[in-house]
Amino acid sequence: MFRRRRIVDHGAVAEDEVAQRRTAVERPPWSPAQFIALVIGIIFVVVGGIALANTGIHSNAMDTVRTDGPLWNHTAWLAIGEVAFGLLMIGAGVVPGGARGLMTFLGILALAFGIAVLIAPNDLRAQDATGWGFIIAGGVSLLAAAVSPVFFAGDRVGYARRREVVA
């Protein structure tokens, strides 16, 4: 008179169908520093790309100063450096958790380069505006990497329907 019911365990197959499936999705950590790194990286890639388009890459004239840059005078080497810095900063921004170590390292490099430009602008063939741009970017990067929190979300678990099999 009574029919015995049993619930099929996880992963068991009943009539060529999966009876129950549990899917756990872990959300990666994120940080507001990621957004800041992306903004700094995009700005430097755009400025460096425009400057590189204006200066061109000529094997005999890589150190020639071009005055038609978007924000300040550029050489081809400076434009290439800006694009490389921007791409590395974008790479730091897309890593979950903010890649704080890379942001800190890039911030220190930018700060040091900016100070070097202010101390010896003629040797590096750059303007004070270039130095201040790198100092501001390095300082913002260092500050964001130091004080920005990392948020860890809990696990989200989704459950499929349970199927009962009558035995």
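Everything in this summary refers to the structure shown in the same document. (Residues numbered from 1 in each chain as written. Predicted model: local features only at pLDDT ≥ 70, side-chain atom pairs only at ≥ 80, totals over all residues. Heavy atoms only, no water.)

**Some words on the side chain of His 74**
For His 74, the location among the structural elements is in the loop between helix H1 (32–55) and helix H2 (76–94). Separated by 2.9 Å, the side chains of His 74 and Glu 82 make a polar contact. (Helix = DSSP H or I, 4+ residues; strand = E, 2+ residues; numbered from the N terminus. Polar contact = N/O pair within 3.5 Å; in protein donor to acceptor, adjacent residues only side chain to side chain.)

**Thoughts on the layout of surface pockets**
The space that makes up the largest pocket amounts to roughly 170 Å³. In terms of lining residues, the largest pocket is bounded by 12 residues, among which Ile 40, Ile 43, Phe 44, Gly 133 and Ala 137 are the most central. When contributions to the lining of the largest pocket are tallied by element, the ones reaching two or more residues are H1 and helix H5 (128–147). In terms of residue count, the dominant contributor to the lining of the largest pocket is H1 (five residues). (1 Å grid on protein atoms, 1.4 Å probe; cavity = no way out; pocket = protein on both sides within 12 Å on 5 of 7 lines; lining within 4 Å. Points joined across faces, edges and corners; volume = space filled by probe spheres on them.)

**Here's the deal with the packing of aromatic side chains**
Enumeration over the complete set of coordinates arrives at four aromatic pairs. Judged by centre distance (4.9 Å) and plane angle (75 degrees), the rings of Phe 44 and Phe 85 are edge-to-face. Of this pair, Phe 44 sits in helix H1 while Phe 85 sits in helix H2, and the two are 41 residues apart along the sequence. Measuring from ring centre to ring centre gives 5.0 Å for Phe 44 and Phe 134, while their planes differ by 50 degrees; the resulting arrangement is tilted. Linking Phe 44 in helix H1 with Phe 134 in helix H5, this pair joins segments that are 90 residues apart in sequence. The exposure class of Phe 44 is buried, given its relative accessible area of 8%. Chaining the aromatic ring pairs together yields one cluster made of Phe 44, Phe 85, Phe 113 and Phe 134. (Phe/Tyr/Trp six-rings, centres within 6.5 Å; stacked < 30°, edge-to-face > 60°. Buried < 20%, exposed > 50% of the residue type's maximum accessible area, 1.4 Å probe, protein only.)

Honestly, it's all geometry; don't read function into it.
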